[in-house]
Amino acid sequence: QKEVEQNSGPLSVPEGAIASLNCTYSDRVSQSFFWYRQYSGKSPELIMSIYSNGDKEDGRFTAQLNKASQYVSLLIRDSQPSDSATYLCAVLPFNQAGTALIFGKGTTLSVSS
Amino acid sequence: GAVVSQHPSRVICKSGTSVKIECRSLDFQATTMFWYRQFPKKSLMLMATSNEGSKATYEQGVEKDKFLINHASLTLSTLTVTSAHPEDSSFYICSARNTAPPNEQFFGPGTRLTVL
């Protein structure tokens with residue numbers, strides 16, 4: 001069974017620090033990887049997608065992918081209290097219409113001011 | 001980013017009535033849309049996968065006759081909760097996958113259903 005694992009947290013960091021969120025996946029042939037942010041009572045919001053090994057940066061966010069280790073991470077630089085949310089790692093096992101994303105259970109991030 | 005709309009955002013209904021939720025991809029085409037349900041402080045639960053022009057694929061344990069899904073066009077999918085009961089009260093969220101590469105998937109804002 002394909003699985004995506006995340007530490008549920010809470011991960012607590014002070015304002016201005018770097019928050020590091022980690023995710024591992026079981027299906028070695030997975031091709032596409034996503035990070036979603038979900039605020040309490042709201043729907044998930046796509047913040048990063050990554051498809052190739054290495055780093056991908058977008059503003060304060062950096063996604064890192066290591067397919068050999070089956071590992072995806074999200075770094076949030078200069079963390080702000082508004083970053084406090086649950087971060088969901090999602091994996092698309094193969095790119096075929098109708099294939100559902102496999103989600104981790106999410107990591108709760110708390111940024112204190 | 002791409003926009004997915006969902007209506008209504010909130011609905012309160014009496015037990016036994018049917019509720020229809022619409023999900024639209026506003027600025028992209030979506031061959032595939034997904035319907036999720038989420039209870040408070042719980043993980044997203046995939047209910048069904050909807051492919052344009054074909055029957056939806058339901059996850060194990062989800063009653064297809066209770067949760068009717070129609071994906072009539074590349075931008076519209078609907079979920080109808082038939083004969084709703086209090087245990088159907090939940091946060092229903094649709095999601096649409098962009099047909100164009102890189103095939104990212106975007107979520108609607110969700111519909112909070114309360115069945116009295």
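Shown above is the structure to which this text applies.
To start, this report covers the structure provided alongside it. (Residues numbered from 1 in each chain as written. Chains lettered and ligands numbered in written order. Predicted model: local features only at pLDDT ≥ 70, side-chain atom pairs only at ≥ 80, totals over all residues. Heavy atoms only, no water.)

Describing the interface of chain B and chain A
Move 1: With 22 residues of chain B at the contact, the number on the chain A side is 21 residues.
Move 2: The junction of chain B with chain A conceals about 1500 Å² of combined surface from both sides, 54% of it contributed by carbon and sulfur atoms.
Move 3: One can count 0 salt bridges joining chain B with chain A.
Move 4: Our count for the contact surface shared by chain B and chain A stands at 8 residue pairs in polar contact (both at pLDDT 80 or more).
Move 5: Looking at the side of chain B that touches chain A, the elements with two or more residues in it are β4 (32-38), β5 (45-51), β9 (90-97) and β10 (105-107) of chain B.
Move 6: By residue number, the principal contributor to the side of chain B that touches chain A is β4 of chain B, which donates 4 residues. (Contact = heavy atoms within 4.5 Å. Buried area = accessible area lost by both parts, 1.4 Å probe. Salt bridge = Lys/Arg side-chain N within 4 Å of Asp/Glu carboxyl O. Polar contact = N/O pair within 3.5 Å; in protein donor to acceptor, adjacent residues only side chain to side chain. Helix = DSSP H or I, 4+ residues; strand = E, 2+ residues; numbered from the N terminus.)

A closer look at the environment of Gln96 of chain A
All names here are of chain A.
Move 1: As for its placement among the helices and strands, Gln96 is situated in the loop between β9 (85-92) and β10 (102-103).
Move 2: Gln96 sits in the partly exposed class, given a relative accessible area of 47%.
Move 3: Distance in space between the C-alpha atoms of Gln96 and Cys23 is 23 Å, their sequence separation being 73 residues. (Buried < 20%, exposed > 50% of the residue type's maximum accessible area, 1.4 Å probe, protein only.)

With respect to the nonpolar core
It is characteristic of soluble globular proteins that their nonpolar side chains tend to be buried jointly.
Move 1: One finds Tyr36 and Phe103 of chain A together with Tyr36, Leu79 and Leu113 of chain B to be the most contacted residues of the largest nonpolar core, which totals 41 residues.
Move 2: Per-element tally for this core: the top contributor is β9 of chain B, with 5 residues.
Move 3: In contact with Phe103 of chain A, other than residues within four places in its own chain, are Val4, Tyr36, Leu88, Cys89 and Ala90 of chain A together with Tyr36, Leu44 and Phe107 of chain B.
Move 4: Counting residues in hydrophobic clusters, the runner-up holds 23 residues, among them Val13, Tyr25, Phe33 and Val72 of chain A. (Core = buried A, V, L, I, M, F, W, Y, C linked by side-chain atoms within 4.5 Å.)

Considering the packing of aromatic side chains
Move 1: Under the defined criterion, the tally for this structure stands at 9 aromatic pairs over all chains.
Move 2: Considering the side-chain rings of Phe103 of chain A and Tyr36 of chain B, the 6.0 Å spacing of their centres and the 90° angle between planes classify their relative orientation as edge-to-face. Of this pair, Phe103 of chain A sits in strand β10 while Tyr36 of chain B sits in strand β4, each in a different chain. Across the pair, exposure class does not vary: Phe103 of chain A and Tyr36 of chain B are buried alike.
Move 3: Through pairs of rings, three or more aromatic residues link up here, namely Tyr36 and Phe103 of chain A together with Tyr36 and Phe107 of chain B.
Move 4: Sitting over the face of the ring of Phe61 of chain A, Arg60 of chain A holds its NZ or CZ atom 5.6 Å from the ring centroid.
Move 5: The ring of Phe91 of chain B is capped by Arg112 of chain B, whose NZ or CZ atom sits 4.2 Å from the centre of that ring. (Phe/Tyr/Trp six-rings, centres within 6.5 Å; stacked < 30°, edge-to-face > 60°. Lys NZ or Arg CZ within 6 Å of the ring centre and 35° of its normal.)

Re the state of the cysteines
Move 1: Counted by the stated rule, this structure contains 2 disulfides over all chains.
Move 2: Each sulfur in the disulfide pair Cys23 of chain A and Cys89 of chain A lies 2.0 Å from the other. Torsion about the S-S bond of the Cys23 of chain A and Cys89 of chain A cystine: about -70°, corresponding to left-handed handedness. With Cys23 of chain A in strand β3 (residues 19-25) and Cys89 of chain A in strand β9, this residue pair connects regions lying 66 residues apart in the sequence.
Move 3: Looking at Cys23 of chain A, the relative accessible area reads 1%, which means it is buried.
Move 4: In this model Cys23 of chain B forms its disulfide with Cys94 of chain B; the gap between the sulfur atoms is 2.0 Å. Sign of the S-S torsion, about 80° for the bond between Cys23 of chain B and Cys94 of chain B, identifies this disulfide as right-handed. Separated by 71 residues along the polypeptide, Cys23 of chain B in strand β3 (residues 19-25) and Cys94 of chain B in strand β9 bring together distant segments of the chain. Assigned by exposure class, Cys23 of chain B and Cys94 of chain B land together as buried.
Move 5: Unpaired in terms of disulfides, Cys13 of chain B finds its nearest cysteine sulfur in Cys94 of chain B, a separation of 18 Å.
Move 6: You can call Cys13 of chain B buried: its relative accessible area is 10%. (Disulfide = S-S within 2.5 Å.)

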